[in-house]
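Reading the structure
Listed here are the chains, written in short residue letters.
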Amino acid sequence: MTNPLFYAKIILFGEYGMIEDSQGLVVPYSFYKGTLKFSDLSSEFELTSNRHLQKYSDFLMTLNLSDDFTLDIESFKKDIANGLFFDSNIPQGYGVGSSGALVAAIFEKYSVSKLNPENISKDNLKKLKAVFGEMESYFHGKSSGMDPLICYMNLPILIENKENLDRVSIPDGEEGKGAIFLIDSGMTGETGPMIQIFFEKMKTEGFRKTLKEEFIRYNNACIESFLKKDMNPFFRNLKKLSHWAYEHFRPMIPESIFNIWKKGLDSNAYYLKLCGSGGGGYILGFTKDYEKAEKMLEGFQKEVIYRF
């Protein structure tokens, strides 16, 4: 029997803000995916993955998960000894949830009580997010559990605040001139150091104030208008959000992206924002006219993820 595929995820809105109780909107991205497989570990990739799983299984042994979410670590270890590896094309350090997909795949296969993602109650969603946070902390030091939850549910999730989240439907994409797209910054980013920078910034009162009064307001307004497909207020708030990030998230914006970020703000042809923690990996772009934006962003590798 083949194991299920787990897709990458993209935080459309809420990066960093979710730490401070802003809303978040996270969607699965099926272009990248991963699944658990067995092999004779003859390739370097498979062998490396298998060794990582060995170390990870030792970490999972140390966790004290609640009874509802117990993992069968013995079976996991036995499978690792028999050549289990994680076959994934999700790029690491790109902000699209490579560790989240792995955590989701392991939970799905080795959780003792089986859950059906389609009818998990809102309360259990919250508990599951906490469990995933503990499981993913191995990779980032601290994790909200959001990435694995999205990968596990394979549905768009609206984070209402720190306590509440729910499934949500995003407007159907259609072949229009507008697009949401990814830009490859050409370098990988590490989540841990970026989050460290954010917490350092949070120590200053001025930054805390502008995050709460401006960033969170623009972020939540973008989510609300996007879900209603109300594109004029959406782009109005998106410009403010992009400008705010340009001013306050400079260390998180890869150098290769800096000039084109400003170019988008100055021309209003497109707006950029971080995809995850930044520092490298992908950057998100939004435009009303993709053809025009594409010409202006010549030389950068781009992937369209949604049309409108």
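What you see is a predicted model, and the numbers here were worked out from it, not measured in a lab.

Concerning unusual backbone geometry
Although it is not a glycine, tyrosine 16 sits at a positive phi angle of roughly 65°. By relative accessible area, which is 6% here, tyrosine 16 ends up buried. A positive phi angle, near 75°, is found at aspartate 21, a position not held by glycine. By the secondary structure assignment, aspartate 21 is in the loop between β1 (6-13) and β2 (24-38). Looking at aspartate 21, the relative accessible area reads 38%, which means it is partly exposed.

Here's the deal with the pattern of salt bridges
One pass over the full model with this rule turns up 12 salt bridges. Residue lysine 273 pairs with glutamate 15 through a salt bridge whose shortest N-O separation is 2.8 Å. Taken together, the residues span a long stretch of sequence, with lysine 273 in strand β7 (residues 271-274) and glutamate 15 in the loop between β1 and β2 at a distance of 258 residues. The exposure class of glutamate 15 is buried, given its relative accessible area of 3%. Across the salt bridge formed by lysine 203 and glutamate 200, the nearest N and O atoms sit 2.9 Å from each other.

A closer look at helix α5 (residues 146-153)
By the criterion of burial, α5 is predominantly enclosed, with eight of the eight residues buried. Residues of α5 that are buried include every one of Met146, Asp147, Pro148, Leu149, Ile150, Cys151, Tyr152 and Met153, and no others. Looking at the buried side of α5, the elements it contacts are β1, β2, α3 (98-110), α4 (122-140), β4 (157-159) and β5 (165-167). Once α5 finishes, asparagine 154 follows within two positions and takes phi at roughly 55°, a positive value.

Considering the sheet that holds strand β8 (residues 282-287)
The strand order across the open sheet formed by four strands is β7-β8-β6-β9, and the pairing between neighbours is antiparallel. The strands lining the two open edges of the sheet, one partner per strand, are β7 and β9 (302-307). Sheet twist, expressed as the mean angle between neighbouring strand axes with direction ignored, is 25°. Bridge count for strand β6 (residues 179-184) against β8 is six bridges, and the pairing is antiparallel.

Digging into the packing of helix α2 (residues 73-81) against α3
Contact geometry of α2 with α3 gives a least axis separation of 10 Å together with a crossing angle of 115°. With respect to their mutual orientation, α2 and α3 come out roughly perpendicular. By crossing handedness, the relation of α2 to α3 is classed as right-handed. On the side of α2, the interface is formed by Ser75, Phe76 and Asp79, while α3 contributes Ile106, Lys109 and Tyr110.

Brief notes about the environment of aspartate 172
Tracing the backbone through its elements, the reader meets aspartate 172 in the loop between β5 and β6. Overall, the relative accessible area of 64% leaves aspartate 172 in the exposed class. As for aspartate 172 and aspartate 79, which are separated by 93 residues in sequence, their C-alpha atoms are 40 Å apart. With residues near it in sequence (within four places) discarded, aspartate 172 still touches Lys229 and Tyr306.

Some remarks on the UniProt feature "domain: GHMP kinase N-terminal" (unreviewed entry) in the chain
Under the feature "domain: GHMP kinase N-terminal" (unreviewed entry), the UniProt entry names residues 84-153. Its end C-alpha atoms 23 Å apart, residues 84-153 is made of 57% helix and 7% strand.

Details of the packing of helix α8 (residues 231-248) against helix α9 (residues 255-267)
With their axes 10 Å apart at the nearest point, α8 and α9 run at an angle of 145° to one another. Crossing of α8 over α9 shows left-handed handedness. Seen from α8, the contacting residues are Lys239, Ser242, His243, Ala245 and Tyr246; seen from α9, they are Phe258, Trp261, Lys262 and Leu265.

Considering the nonpolar core
Of all hydrophobic cores here, the largest spans 101 residues; its most connected members are Leu60, Ile106, Met135, Phe249 and Trp261. No fewer than three residues from each of domain 1 (6-167) and domain 2 (179-307) sit in this core. What phenylalanine 249 contacts, discounting residues up to four positions off in sequence, is Glu15, Tyr16, Phe198, Phe207, Phe215, Trp244 and Leu274.

A few points about the pairing of β8
Where burial is concerned, most of β8 is hidden: six out of the six residues are buried. Across the two faces of β8 the burial is the same, with Tyr282, Leu284 and Phe286 and Ile283, Gly285 and Thr287 all buried. Sheet analysis places β7 next to β8, joined by four bridges and oriented antiparallel. Each residue of the ladder has a partner; that of leucine 272, found in β8, is glycine 285.

Definitions and limits used
- Numbers given to residues run from 1 along each chain, matching the order in which its sequence is written.
- Since the coordinates come from a predicted model, pLDDT governs what is reported: local features require at least 70, and pairs of side-chain atoms require 80 or more to be given and counted, while whole-chain, interface and lining totals use all residues.
- Just so you know, side-chain values use all the structure's heavy atoms and leave hydrogens and water out.
- Think of it in three bands: residues with accessible area under 20% of the maximum for their type are buried, residues over 50% are exposed, and the middle band is partly exposed, with areas taken using a 1.4 Å probe on protein chains only.
- Strands are runs of DSSP state E lasting at least two residues, helices are runs of H or I lasting at least four, and both sets are numbered from the N terminus onward.
- In what follows, salt bridge is the name for a side-chain nitrogen of Lys or Arg lying within 4 Å of a carboxyl oxygen of Asp or Glu.
- The contact definition used throughout considers only heavy atoms, calling two residues in contact when any of these lie within 4.5 Å.
- Paired strands are those between which DSSP finds at least two bridges.
- Interaxial angle, 0 to 180 degrees, is taken between N-to-C directions of lines fitted to C-alpha atoms, where a helix line uses only the stretch in contact.
- To sort the angles, those under 35 degrees are grouped as roughly parallel, those over 145 as roughly antiparallel, those from 65 to 115 as roughly perpendicular, and the leftovers as oblique.
- If you view the pair so one helix is near and one far, a crossing is left-handed when the near helix is turned anticlockwise from the far one by less than a right angle, and right-handed when it is turned clockwise.
- UniProt positions are given in the numbering used here, feature names are shortened, and annotations may be inferred rather than shown by experiment.
- Here the nonpolar core consists of buried residues drawn from Ala, Val, Leu, Ile, Met, Phe, Trp, Tyr and Cys, with membership extended through side-chain atoms lying within 4.5 Å.
- Residue ranges for the domains originate in an automatic or database domain assignment.

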